[in-house]
Amino acid sequence: MSIQKVTVAGGGVLGSQITLQSAYKGFQVTMWLRSEDSIERTRPKLERLRGIYRQSLEALKTDPSAFCRGLTDAPDVPAHELDELIAQVDAACDSLVLTTSAEQAFGDADLVIEAIAEVIDEKDAFYTSIKDLLPERTILCTNSSTLLPSAMAGFTGRPDKFLALHFANNIWKQNTAEVMGSSQTSPDAFQAVVAFARAIGMIPLELKKEQPGYLLNSMLVPFLNAAEALLANDVADVETIDKAWTLGTGAPLGPFRILDIVGLATAYNIVAASPAAKEPGSTAARIATLLKQRIDEGKTGINAGEGFYKYD
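All figures in this text were calculated on a predicted structure; none of them were measured in a lab.

Thresholds, definitions, all that
Residues numbered from 1 in each chain as written. Predicted model: local features only at pLDDT ≥ 70, side-chain atom pairs only at ≥ 80, totals over all residues. Heavy atoms only, no water. Core = buried A, V, L, I, M, F, W, Y, C linked by side-chain atoms within 4.5 Å. Buried < 20%, exposed > 50% of the residue type's maximum accessible area, 1.4 Å probe, protein only. Helix = DSSP H or I, 4+ residues; strand = E, 2+ residues; numbered from the N terminus. Contact = heavy atoms within 4.5 Å. Phe/Tyr/Trp six-rings, centres within 6.5 Å; stacked < 30°, edge-to-face > 60°. Salt bridge = Lys/Arg side-chain N within 4 Å of Asp/Glu carboxyl O. Pairing = 2+ DSSP bridges. Axes fitted to C-alpha atoms, helices over the stretch in contact; angles between N-to-C directions.

1. Quick look at the nonpolar core
Then, in step 1: Of all hydrophobic cores here, the largest spans 50 residues; its most connected members are Val-6, Leu-165, Phe-167 and Phe-196.
Then, in step 2: Residue contributions to this core peak at seven residues, all from helix α7 (residues 187–199).
Then, in step 3: The residues contacting Leu-165, other than those within four sequence positions of it, are Ile-113, Cys-141, Thr-142, Asn-143, Ala-177, Glu-178, Val-179, Val-193, Phe-196 and Ala-197.
Then, in step 4: Residues Ala-232, Leu-264, Val-271 and Ala-284 belong to the second largest nonpolar core, which totals 24 residues.

Structure representation (structure tokens):
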């Protein structure tokens, strides 16, 4: 099927990125949010991304190392074409429709990408609320970080057109898209999503079967959990743990910088879903407590201006 009209549900870190990237690549994009307050919280995220896209393209005029795989096909783009792409960023931002109306958002969508909280009960309620609004043709994807499509397919009313499309953070640079179906996902729906991912500048990574955490988070989540455990158990402070990783491996970011980018709410939802987090005094419970404390203080990550670190 041909995908033209895309709806993204959720205005968080990745929801905002998926929205702008899809519009930048020429798709008609609507973003569904729960309330007018959510819309007002999301607009600054989109404007921040507008600035990042514009700055990245402008920098590429003089610095080939500024190349972002999701923005251009190669680093050697003529300046006049980069100016056209910068104008394309502005046109994409200005074309976005942000709405709280489920009928407007889902009633004529070719593809819906769900990017709401990593809580299965919330996803259940969301899918149940929209399934009768979706046209028969609509493909429904989850951007869940850890949950399997088979665990949610029964909520959707369209298990053959339901699968996971998981993006890495900073998708204009780390432009991977993991595509994972369940045993009920049709080959046609799977390949349509692979083609869409490629059309928005991503490199599709096709999984042969379901895997909790997919590819990226099967490796990333244990790494972040290990860092959180070191902090929760008072082994060292945030800065020292990050230095151990960056200085010892040459990596540009330590685990707590990465957590700020991912968002502490996502990290909290993942650890809180663990049975071990229900055991008082366990490491998982201590991790959940320290994350929840920061979230309650509004320190949810880079988009809030502060997480484990402060940001301008």
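2. Description of the packing of aromatic side chains
Then, in step 1: Enumeration over the complete set of coordinates arrives at ten aromatic pairs.
Then, in step 2: Centre to centre, the rings of Trp-32 and Phe-106 are 5.8 Å apart; their planes meet at 50 degrees, and the pair counts as tilted. Pair noted here: Trp-32 is in strand β2 (residues 28–32) and Phe-106 is in helix α4 (residues 102–106), with a separation of 74 residues, a long-range link.
Then, in step 3: For Phe-106, a relative accessible area of 0% gives the class buried.
Then, in step 4: Aromatic pair Tyr-127 and Phe-162: ring centres 5.4 Å apart, planes at 75 degrees, arrangement edge-to-face. You can see Tyr-127 sitting in helix α5 (residues 120–130) and its partner Phe-162 sitting in strand β6 (residues 162–167), a full 35 residues away along the chain.
Then, in step 5: For Phe-162, a relative accessible area of 0% translates into the label buried.

3. Some thoughts on the pattern of salt bridges
Then, in step 1: Tallied over the full model, the rule gives 18 salt bridges.
Then, in step 2: Among the salt bridges present, the one from Glu-136 reaches Lys-161, with a minimum N-O distance of 3.0 Å. Of this pair, Glu-136 sits in the loop between α5 and β5 (139–142) while Lys-161 sits in the loop between α6 (149–156) and β6; the two residues are 25 residues apart in sequence, bridging distant segments of the chain.
Then, in step 3: Overall, the relative accessible area of 60% leaves Glu-136 in the exposed class.
Then, in step 4: Glu-297 is the salt-bridge partner of Lys-299, the closest N and O atoms lying 3.2 Å from each other.
Then, in step 5: The exposure class assigned to Lys-299 is partly exposed, which follows from its relative accessible area of 22%.
Then, in step 6: Accessibility expressed as a relative area gives 45% for Glu-297, which makes it partly exposed.
Then, in step 7: Overlapping salt bridges, with partners in common, bring together Glu-47, Arg-50, Arg-54, Asp-90 and Asp-94 in one network.

4. Regarding the sheet that holds strand β8 (residues 203–206)
Then, in step 1: One open sheet accounts for eight strands, arranged β3-β2-β1-β4-β5-β6-β7-β8; its pairing is mixed. Each of the sheet's edge strands pairs with one partner strand only, and the pair in question is β3 (97–99) and β8. Strand after strand, the sheet turns through a mean of 25 degrees between neighbouring axes, direction not considered.
Then, in step 2: In the sheet, strand β7 (residues 176–181) pairs with β8 via four bridges, with the strands oriented parallel. Paired with Thr-176 across the strands is Ile-203, a residue of β8.
Then, in step 3: Where helix α2 (residues 36–59) meets the sheet, its contacts fall on β2 and β3, and the angle it forms with β3 comes to roughly 155 degrees.

5. A closer look at the side chain of Ser-182
Then, in step 1: Within the element layout of this structure, Ser-182 appears in the loop between β7 and α7.
Then, in step 2: Owing to a relative accessible area of 11%, Ser-182 belongs among the buried residues under this scheme.
Then, in step 3: Setting aside chain neighbours within four positions, we find Ser-182 in contact with Pro-149, Ser-150 and Glu-210.

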